[in-house]
Amino acid sequence: QVQLVESGGGLAQPGGSLRLSCAASGSIFSINRMGWYRQAPGKQRELVATFTSFTSSGSTNYADSVKGRFTISRDNAKSTVYLQMNSLKPEDTAVYYCHADRWVAANQYHYWGQGTQVTVSS
């Protein structure tokens with residue numbers, strides 16, 4: 001099992017910045033991917049940014065809509081992933097979820113944080 005605890009989020013003005021954190025615990029050695037998704041009202045949950053391999057120097061994957069504005073980073077010693085969000089836009093308003101997955105034998109398991117609200121408004 002993997003537990004994910006998020007922090008950060010809140011209200012920001014357009015053009016402002018916010019930083020999200022996600023701390024993982026449990027079977028972190030078996031985590032494959034780890035990153036962030038978001039879900040706006042009336043829309044499907046979508047990928048924001050993720051590490052393609054959390055336990056090694058894997059590459060990152062970003063949604064086109066956030067490239068150049070958001071940066072995902074990690075602190076392996078703290079088993080924590082961060083999402084630095086700059087140049088925020090009203091359309092970034094959503095609930096942001098930390099996500100991790102792992103493989104056990106041939107089975108893939110997905111884990112989600114509780115979600116944190118990000119609101120971008122003047």
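I will try to describe carefully the structure that is included in this document. Worth saying up front: this structure is predicted, and the values here are computed from it rather than measured. (Residues numbered from 1 in each chain as written. Predicted model: local features only at pLDDT ≥ 70, side-chain atom pairs only at ≥ 80, totals over all residues. Heavy atoms only, no water.)

## Some details on the packing of aromatic side chains
Right, on to step 1. This model, assessed by the stated rule, comprises two aromatic pairs.
Right, on to step 2. Aromatic pair Tyr37 and Trp112: ring centres 5.2 Å apart, planes at 75°, arrangement edge-to-face. Taken together, the positions of Tyr37 in strand 4 (residues 31-39) and Trp112 in strand 10 (residues 107-112) put the pair 75 residues apart, joining distant regions of the chain.
Right, on to step 3. Looking at Trp112, the relative accessible area reads 36%, which means it is partly exposed. (Phe/Tyr/Trp six-rings, centres within 6.5 Å; stacked < 30°, edge-to-face > 60°. Helix = DSSP H or I, 4+ residues; strand = E, 2+ residues; numbered from the N terminus. Buried < 20%, exposed > 50% of the residue type's maximum accessible area, 1.4 Å probe, protein only.)

## A closer look at the pairing of strand 3 (residues 18-26)
Right, on to step 1. As paired strands, strand 1 (residues 2-8) and strand 3 are joined by seven bridges and run antiparallel to one another. Counterpart to Val2 in the pairing with strand 3 is Gly26.
Right, on to step 2. Relative to strand 8 (residues 80-85), strand 3 is paired through six bridges, and the arrangement is antiparallel. Bridge pairing in strand 8 links Leu20 to Leu83. (Pairing = 2+ DSSP bridges.)

## Comments concerning the state of the cysteines
Right, on to step 1. Scanning all chains against the criterion turns up one disulfide.
Right, on to step 2. Two residues share a disulfide in this structure: Cys22 and Cys98, whose sulfurs sit 2.0 Å from each other. What sets the handedness of the Cys22 and Cys98 disulfide is the S-S torsion sign, and at about -85° it is left-handed. Taken together, the residues span a long stretch of sequence, with Cys22 in strand 3 and Cys98 in strand 9 (residues 94-104) at a distance of 76 residues.
Right, on to step 3. With relative accessibility at 0%, the residue Cys22 sits in the buried group.
Right, on to step 4. For Cys98, a relative accessible area of 0% gives the class buried. (Disulfide = S-S within 2.5 Å.)

## Re the nonpolar core
For soluble globular proteins, nonpolar side chains are generally found buried alongside one another.
Right, on to step 1. Grouped together as the largest cluster of nonpolar side chains are 29 residues, with contacts concentrated most on Leu4, Met34, Trp36, Leu83, Met85 and Tyr96.
Right, on to step 2. Elements represented by at least two residues in this core include exactly strand 1, strand 3, strand 4, strand 5 (46-51), strand 7 (70-75), strand 8, strand 9 and strand 11 (116-120). (Core = buried A, V, L, I, M, F, W, Y, C linked by side-chain atoms within 4.5 Å.)

Structural measurements only, silent on function.
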